[in-house]
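These are the residues of each chain, in order.
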Amino acid sequence: SSIKVNSTIYIATDEQDENNRILFKQFEEHFKVFFLSDFEGLLGDDLPPLHYGMVDQLVAARAKVFVGVYYSTFSGYINRLRGYHSVKKRLDGYRDGVLQSYYYAPHDKKKQMRIYHAIQRPSFMREYPVSWRDIDKGM
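Residues numbered from 1 in each chain as written. Predicted model: local features only at pLDDT ≥ 70, side-chain atom pairs only at ≥ 80, totals over all residues. Heavy atoms only, no water.

Let us look at the pairing of strand E3 (residues 66-69). With burial as the criterion, only one face of E3 is covered, namely that bearing Phe66 and Gly68; the residues Val67 and Val69 on the opposite face remain uncovered. The sheet contact formed by E3 and strand E4 (residues 101-105) spans 4 bridges and is parallel. Bridge assignment links phenylalanine 66 to a residue of E4, and that residue is serine 101. Crossover connection from E3 via helix H3 (residues 73-89) to parallel E4: handedness right-handed. (Buried < 20%, exposed > 50% of the residue type's maximum accessible area, 1.4 Å probe, protein only. Helix = DSSP H or I, 4+ residues; strand = E, 2+ residues; numbered from the N terminus. Pairing = 2+ DSSP bridges. Right-handed = clockwise from strand over helix to strand, strands pointing away.)

One pass over the structure, following the stated rule, counts 2 salt bridges. The residue glutamate 28 makes a salt bridge to lysine 25 at a minimum N-O spacing of 3.6 Å. Pair noted here: glutamate 28 and lysine 25 are both in helix H1 (residues 25-28), with a separation of 3 residues, about one helical turn. With a shortest N-O distance of 2.6 Å, arginine 80 and glutamate 127 are connected by a salt bridge. With arginine 80 in helix H3 and glutamate 127 in the segment after E4, this pair connects stretches of sequence that are 47 residues apart. Note on arginine 80: relative accessible area 25%, which makes it partly exposed. (Salt bridge = Lys/Arg side-chain N within 4 Å of Asp/Glu carboxyl O.)

Bringing the packing of aromatic side chains into the picture now. In this structure the tally under the stated criterion is 4 aromatic pairs. Seen from their ring centres, phenylalanine 34 and phenylalanine 39 are 5.7 Å apart, and the 40° between their planes marks the pair as tilted. Both rings, one in tyrosine 70 and one in tyrosine 71, keep their centres 4.9 Å apart while their planes meet at 90°; by these two values the pair is edge-to-face. Here tyrosine 70 falls in the buried class, since its relative accessible area comes to 5%. Taken together, Tyr70, Tyr71 and Tyr103 form an aromatic cluster joined through their ring pairs. Taking the ring centre of tyrosine 70 as reference, the NZ or CZ of lysine 109 above it sits at 5.0 Å. (Phe/Tyr/Trp six-rings, centres within 6.5 Å; stacked < 30°, edge-to-face > 60°. Lys NZ or Arg CZ within 6 Å of the ring centre and 35° of its normal.)

Here the focus is the side chain of asparagine 79. Along the chain, asparagine 79 falls in helix H3. A distance of 2.7 Å separates the side chain of asparagine 79 from the side chain of serine 101, its partner in a polar contact. In this structure asparagine 79 touches Phe66, Leu99, Ser101, Tyr103, Met113 and Trp132, once residues within four positions along its chain are discounted. (Polar contact = N/O pair within 3.5 Å; in protein donor to acceptor, adjacent residues only side chain to side chain. Contact = heavy atoms within 4.5 Å.)

Moving on: a nonpolar patch on the surface. There is a patch of nonpolar side chains on the surface, built from Ile3, Val67 and Tyr104 and spanning about 290 Å² of accessible area. By the element assignment, tyrosine 104 lies in strand E4. (Patch = residues over 30% accessible without salt bridge, like charges linked within 9 Å, V, L, I, M, F, W, Y side chains within 5 Å. Areas by Shrake-Rupley, 256 points an atom, 1.4 Å probe, with all protein chains shown as cover.)

Time to look at the packing of helix H2 (residues 52-61) against H3. Packing of H2 against H3 leaves a shortest axis separation of 9 Å and a crossing angle of 45°. One element, H2, and the other, H3, form an angle in the oblique class. Between H2 and H3 lies a crossing whose hand is right-handed. Taking contact as the criterion, the partners of Gly53, Asp56, Gln57, Leu58, Ala60 and Ala61 in H2 are, on H3, Phe74, Tyr77, Ile78, Leu81 and Arg82. Per-class residue counts for the contact of H2 with H3 are 7 nonpolar, 2 polar and 2 charged. (Axes fitted to C-alpha atoms, helices over the stretch in contact; angles between N-to-C directions. Parallel < 35°, antiparallel > 145°, perpendicular 65-115°, else oblique. Left-handed = near helix turned anticlockwise from the far one by under 90°. Nonpolar A, V, L, I, M, F, W, Y, C, P; charged D, E, K, R; others polar.)

Following the sequence through the fold, serine 131 ends up in the segment after E4. Only 3.4 Å separates the side chain of serine 131 from the side chain of glutamate 127, close enough to count as a polar contact. Other than its neighbours up to four places away in sequence, serine 131 contacts Arg80 and Tyr84.

Purely geometric stuff here, so don't read any function into it on its own.
Right, dumping it as structure tokens:
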């Protein structure tokens, strides 16, 4: 799946230094780009900044399409949340444990979340459909 030009994209990142955000400038040439910092005023004064990463995950989890990093537990948990949501909302592919998620690195793992996989090793960073399929069955 490719993301259409002028689409809105949300970048979940722990990069706080505006000087290092130059890495993301290339996206601004083609997309409407937002970061959590664009919405800090909406988070309220009671939310500690240490929780911002969790907010990033919740926002990313509800995206139509998610692109993450294969060896990232941060991306892994976003995919688990996306799996729970896909089952609850019966989104395309939910019966097969397939998500509208991709990995941009490494390239050979790009479509790992578009194909059903049973648990394989190493598995600390990757979520598998067994985590969300039939989780409430029999309850």
